[in-house]
Amino acid sequence: MSLSKEQISHFKNHGYTSVPNFFTAREVQALQAEVERFKREGLVRNVATDGDGETHSKTKANLQLIPLYDKSDLIRALPFDGKVTNATAQLIGEPFVLHLDQMFLKPAGHGIGTDWHQDNAYFKISDPLKGTAMWVAVHDATIANGTIHVVHDSFKEEYLHDRDPNSDHHIHCQVPEERAVPIELKAGGVVFFCYGTAHSTKANTTDRDRAGIAFHFLHGNCVDRANLVDKKRGQPFLLGPETTGGEAEYGVRVAGTWEQEIERVLQETSN
Ligand SMILES: O=C(O)CCC(=O)C(=O)O
């Protein structure tokens, strides 16, 4: 899959671009099965707090699981897939690494959003267009269930961040709300937004859980090798001369296993 000229120029000029149907129905089914397993095995953690940034809430939930590569061979294989590496290379250039992978699950009714922030407030790379998130709608993501929102052109600005009192570790900021854009996606759609783009999710007011999986990709020139890339933490080069298809970081070749992983997960689910 290649992104269109319009999608690439929208990312470079405005900081984000969405791609409907990036993943097929079969791929989505496998991702949904993994999310169900994470729930079943109790791997997710509620990071929502009751207004003091510390006391974990019993009434609202923002369930996070990070990292994912060590808990799911399927999700470990996903960023190596050609359509992901091609699209990412079109947006940030190569070489690049997988910087982070994580899931946010918003339970039906009491799921809360992740408040406004710019990822670059955490990472502080010199050119905010050289890192991108790829946020995957694992279930249909709508305004009613709190889909991701982005602020148009916000990568051109730096907002002041402080601790979010409704999370045990996140930071947040104020944004020009009049430029906020909700991105509604059918399951399998993705939105790429650069490290400077302010984004948030909202409450899930529906009667069905909604999950998003976010991968962050960082250009090799911005990689602070001492702090950001530690091979033991599973931050593989995905494209460029240093890539080993995952062998250096994971001890096994992961590139090229996406299809077989989907088949495996779907088989296990049907048993
Ligand atoms: O899905 C969410 O609630 C937050 C996602 C996010 O902040 C990110 O992908 O960087």
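### Notes on the overall build of the protein chain
Here is step 1: Scanning the protein chain from N- to C-terminus turns up seven helices and 13 strands.
Here is step 2: Against the globule reference of 18 Å for 271 residues, the protein chain gives a C-alpha radius of gyration of 18 Å, in line with a compact fold.
Here is step 3: Looking at the protein chain as a whole, 48% of its 271 residues qualify as buried.
Here is step 4: Contacts in the protein chain between residues far apart in sequence, at least 24 positions, make up 82% of those at least 6 positions apart.

### Quick look at the site of the ligand
Here is step 1: The ligand sits among Phe-104, Thr-114, Asp-119, Ala-133, Trp-135, His-199, Thr-201, Gly-212 and Ala-214.
Here is step 2: Elements with a contribution of two residues or more to the shell around the ligand: strand S5 (131-137) and strand S12 (210-219).
Here is step 3: Class assignment for the residues of the shell around the ligand results in four nonpolar, four polar and one charged.

### Regarding the sheet that holds strand S6 (residues 149-151)
Across a sheet, paired strands are connected by hydrogen bonds in the backbone, their directions being either parallel or antiparallel.
Here is step 1: Read across the sheet, three strands follow the order S9-S6-S11 without closing on themselves; strand pairing throughout is antiparallel. Of all the strands in the sheet, the pair left with one neighbour each is strand S9 (180-182) and strand S11 (199-200).
Here is step 2: By the bridge criterion, three bridges tie S6 to S9 in an arrangement that is antiparallel. Across the sheet, residue Val-150 finds its bridge partner in S9, namely Val-181.

### A closer look at helix H7 (residues 258-270)
Here is step 1: Across its 13 residues, H7 extends 18 Å between first and last C-alpha, which sits within 8% of the 18 Å expected from 1.5 Å per residue.
Here is step 2: Summarising the contacts, the buried residues of H7 are in contact with helix H2 (25-40) and helix H3 (73-77).

### Considerations on the nonpolar core
Here is step 1: Counting 71 residues, the largest nonpolar core has Met-134, Val-191 and Phe-192 as the members making the most contacts within it.
Here is step 2: Not counting residues within four places of it along the chain, the set of residues in contact with Val-191 comprises Tyr-16, Ser-18, Trp-135, Ile-148, Ile-183 and Leu-185.

### Focus: unusual backbone geometry
Here is step 1: The omega angle of the peptide bond from Ile-66 to Pro-67 is -5°, so this bond is cis rather than trans.
Here is step 2: Relative to the helices and strands, Pro-67 is located in the loop between strand S3 (63-65) and H3.
Here is step 3: Positioned with a positive phi, Lys-124 is a non-glycine residue whose angle comes to about 55°.
Here is step 4: Take Lys-124: it is sitting in the loop between helix H5 (119-123) and S5.
Here is step 5: You will see that Asp-153, though not glycine, has its phi angle at about 65°, which is positive.
Here is step 6: Summarising the element assignment, Asp-153 is placed in the loop between S6 and strand S7 (161-163).

### Details of the pairing of S5
Here is step 1: Most of S5 is tucked away, with seven of its seven residues classed as buried.
Here is step 2: What you see with S5 is no split at all: Gly-131, Ala-133, Trp-135 and Ala-137 on one side and Thr-132, Met-134 and Val-136 on the other are buried throughout.
Here is step 3: When S5 meets S12, the two strands line up antiparallel, connected through seven bridges. Following the sheet pairing, Gly-131 is matched in S12 by Leu-218.
Here is step 4: Across five bridges, S5 lies against strand S10 (residues 190-194) in antiparallel orientation. Across the sheet, Ala-133 pairs through a bridge with Phe-193, a residue of S10.

### A short note on the packing of H2 against H7
Here is step 1: Close contact between H2 and H7 brings their axes to 9 Å; oriented N to C, the two are set at 60°. Relative to H7, H2 is oriented oblique. Where H2 crosses over H7, the handedness of that crossing is left-handed. For the pair H2 and H7, the contacting residues are Arg-26, Glu-27, Gln-29, Ala-30, Ala-33 and Glu-34 in the first and Ile-262, Val-265, Leu-266 and Thr-269 in the second.
Here is step 2: For the contact of H2 with H7, a count of residues per class yields five nonpolar, two polar and three charged.

### Some points on H2
Here is step 1: For H2, which comprises 16 residues, the first-to-last C-alpha distance of 22 Å matches the rise-based estimate of 22 Å (1.5 Å per residue) to within 8%.
Here is step 2: Residues of H2 that are buried: Glu-27, Val-28, Ala-30, Leu-31, Glu-34 and Val-35. The arc that holds every buried residue of H2, seen down its axis, measures 160°, which confines them to one face. Across H2 from its buried face, at more than 90 degrees, point the exposed residues Ala-25 and Arg-40.
Here is step 3: After H2 finishes, the residue Gly-42 shows a positive phi value of roughly 65°.

Rules used in this analysis
- Sequence order as written defines residue numbering, which begins from 1 separately in each chain.
- Two thresholds apply to this predicted model, a pLDDT of at least 70 for residue-level local features and 80 or more for giving and counting side-chain atom pairs, whereas whole-chain, interface and lining totals are computed over all residues.
- Secondary structure is summarised from DSSP: a helix means a run of H or I of at least four residues, a strand means a run of E of at least two, and numbering begins at the N terminus for each.
- Each radius of gyration is computed over the set of C-alpha atoms, and the globule rule expresses the reference value as 2.2 Å times the number of residues to the power 0.38.
- Residues with at least 20 neighbouring C-beta atoms inside 10 Å of their own are called buried, those with 12 or fewer are called exposed, and the rest are partly exposed, where every C-beta is derived from the backbone.
- By the convention adopted here, residues are in contact when the distance between their C-beta atoms, placed from the backbone, does not exceed 7 Å.
- By definition, a residue lies near a molecule or strand provided its backbone-derived C-beta atom is within 6 Å of it.
- Each residue is assigned to one of three groups, with Ala, Val, Leu, Ile, Met, Phe, Trp, Tyr, Cys and Pro labelled nonpolar, Asp, Glu, Lys and Arg labelled charged, and all others, Gly among them, labelled polar.
- In this description, strands pair whenever DSSP reports at least two bridges between them.
- For a helix, the expected span equals 1.5 Å multiplied by the residue count minus one.
- Think of a nonpolar core as buried Ala, Val, Leu, Ile, Met, Phe, Trp, Tyr and Cys residues chained together by C-beta atoms that fall within 7 Å.
- Helix axes are fitted to C-alpha atoms over the stretch in contact, other axes to C-alpha atoms as well, and angles between N-to-C directions run from 0 to 180 degrees.
- The scheme is simple: roughly parallel for angles under 35 degrees, roughly antiparallel for over 145, roughly perpendicular for 65 to 115, oblique for anything else.
- In this scheme the handedness of a crossing depends on how the near helix is turned from the far one: anticlockwise by less than a right angle means left-handed, clockwise means right-handed.
- Directions pointing from the helix axis toward each C-beta atom define the arc.

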